[in-house]
Amino acid sequence: MIGYMFRVKHLPLDTLREHVIVIHKEAVRTGNLGFNPLDRAYVFGTDPATGATREVTGVLNFCGDQLLVPDEIGLSEEAFRDLGLSEGSPVHATLAVSPRSVDLVRAKLRGARLTRANFDAILTDVVRRRYSRVELSMFVLACALREMDSKELADYTRAMIGTGERLDFGSGPIADKHCIGGIPGNRTTMIVVPILAALGLKVPKTSSRAITSPAGTADTMGTLAEVALSPARLHEVVDRVGACIAWGGALSLAPADDILITVERPMEIDTEAQMVASILAKKKTVGATHVLIDIPAGPTAKVRTLEEAERLANLFRAVASEVELQLDVAITEARGPVGRGIGPRLEALDVLAVLRRDSAAPADLREKSLYLAARLLEMTGAAPPAGGYRAAEKVLDSGAALEKFDRIVEEQGAREMPPEAPYRATVAAPADGRIREIDCWEIARVAKRAGAPANISAGVRMLKSTGDVVAKGEPWLEIHAASSAQLEFARAWATSHPEIIRFGF
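Residues numbered from 1 in each chain as written. Predicted model: local features only at pLDDT ≥ 70, side-chain atom pairs only at ≥ 80, totals over all residues. Heavy atoms only, no water.

Draft legend 1. Structural detail: unusual backbone geometry. Cis geometry marks the peptide bond from Ala452 to Pro453, where omega comes out at 0°. Residue position: Pro453 is located in the loop between helix 17 (440–449) and strand 15 (459–462). The phi torsion at Arg129 lies on the positive side, around 60°, for a residue other than glycine. Since its relative accessible area comes to 12%, Arg129 is described here as buried. (Helix = DSSP H or I, 4+ residues; strand = E, 2+ residues; numbered from the N terminus. Buried < 20%, exposed > 50% of the residue type's maximum accessible area, 1.4 Å probe, protein only.)

Right, dumping it as structure tokens:
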């Protein structure tokens, strides 16, 4: 293949897993290259050590300043790493055609049913970074707009499992849990995992960073411990202490999902098909045998009604059966956040308060954690039927769960708790009455406008929760921010949306 000759230059650009390629616009003009910004470019060269061809495909951008000289081609962090050639190496560049699998995505958008082979082709190209952001978005929307039955979704899940590595912790039981998200706070995983591990279960828990929320479990755990563990390191931690709470994105387990998340986040969507396939693929690849799925249902949750929750639960059960996972589903009520903190640091403080049996710890976070732990203990046979709650409560109240959590943190690599955000302000209740509901979506928006999760100390602390009685003008919410601008941005949103808090019985 003939292309135009350049010298490689490494550009320190974090492009969220997208391959970005930059050339000087003068090179395009003088070389009559026929390139346009946002074209797909194919860059290839020879590895001098092996003689093998090294290649990457990416989205083309032009520059006109001193970033590059005309005979250089700049590669973003991931593109440079994946090309695998040293800076200054000679390479060729030419236009690249769209992957053939994009035609399958277009067919799905038109309503076609895809097969396992179709999904394999699509996800192989996704993992090899052959899809542009636009094409990734097309696929996510195709899965959202064109409903999949359980068989098609099982094929998609198997294809996602097949894109990466798999861990093996033996025949089990290997326990895991996952919440579908959408409820601010709700950091039950960090309490459930040490309870289960203290009772002898293996729990190789991998979690995500925030997609559309102010914090994911990995963000919150990351304030206390290292979460970017390699597969070998994760295995070592679990072998030593029985459990871990790690970031799944560092493990190459179902890596197609981690790439698709990069377009789900800015679109603020988490589609049902993507959710089921993502969750079950991650559970299967981490070696879990027994999985509990928490589906919160409520007026402002992802799932609004009990009927919707039951339908989603049945879909999880059907696909789990196809991929040979033992699965239980807990449908929980959600009329607002769980716990008081929203944002990585503030949620970590809630978790520590529960584990330390602090008298001021949020009761809802404690009780939900005990309920979910009980379900898993009974499901795995670690506790007798109807005996899970008592077993979990005993482990929590004795301090054994805290001791196990501290050991997990130590083994993963302890971090110092970040300092409190320097800017804080309260928001007053807009009326008198008993709080019936707090809008999960809108309160999360306040926390994100305050800077969470990018600023790990930023977010929202609930001074009042559902069921509390407040007087008009009484502070019910405290905003934490890293800058005065973010503080004002979040406060303006909270005060201009009084419907965040709803009163009644």
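There's plenty left to go through after this.
Draft legend 2. Geometry of the sheet that holds strand 11 (residues 326–333). Taken in spatial order, the three strands line up as 7-10-11 in an open sheet, and their pairing is parallel. If you trace the sheet from one side to the other, it starts and ends with strand 7 (175–179) and strand 11, each paired once. Averaged over all adjacent pairs, the angle separating strand axes in this sheet is 20°, with direction ignored. In the sheet, strand 7 pairs with strand 10 (residues 290–297) via five bridges, with the strands oriented parallel. By the bridge assignment for strand 10, His178 is matched with Ile293. Of the strands in this sheet, strand 7, strand 10 and strand 11 touch helix 11 (residues 272–285), which is tilted by about 160° from strand 7. Helix 12 (residues 306–322) rests against strand 10 and strand 11 of the sheet, and its axis sits at about 170° to strand 11. (Pairing = 2+ DSSP bridges. Axes fitted to C-alpha atoms, helices over the stretch in contact; angles between N-to-C directions. Contact = heavy atoms within 4.5 Å.)

Draft legend 3. Quick look at the sheet that holds strand 18 (residues 501–503). A sheet is described by the order of its strands in space; here three strands give the open sequence 16-14-18, paired in antiparallel fashion. Here the strands that pair on one side only, and so sit at the sheet edges, are strand 16 (469–470) and strand 18.

Draft legend 4. Region of the structure containing the packing of helix 5 (residues 133–145) against helix 10 (residues 255–267). For the pair helix 5 and helix 10, interaxial distance at closest approach is 9 Å and the crossing angle is 85°. Our classification of the angle between helix 5 and helix 10 gives roughly perpendicular. Between helix 5, through Arg133, Leu136, Ser137, Phe139 and Val140, and helix 10, the contact on the second element is made entirely by Ile259, Leu260, Thr262, Val263, Glu264 and Met267. Across the contact of helix 5 with helix 10, the residue classes tally to seven nonpolar, two polar and two charged. (Parallel < 35°, antiparallel > 145°, perpendicular 65-115°, else oblique. Nonpolar A, V, L, I, M, F, W, Y, C, P; charged D, E, K, R; others polar.)

Draft legend 5. Focus on the packing of helix 17 against helix 18 (residues 484–496). Contact geometry for helix 17 and helix 18: axes closest at 8 Å, N-to-C directions at 165°. Considering their axes alone, helix 17 and helix 18 lie roughly antiparallel with respect to each other. Relative to helix 18, helix 17 is oriented so that their crossing is right-handed. From helix 17, Glu442, Arg445, Val446 and Arg449 reach across to helix 18, where they touch Gln486, Phe489, Ala490, Trp493 and Ala494. Partitioning the contact of helix 17 with helix 18 into residue classes produces five nonpolar, one polar and three charged. (Left-handed = near helix turned anticlockwise from the far one by under 90°.)

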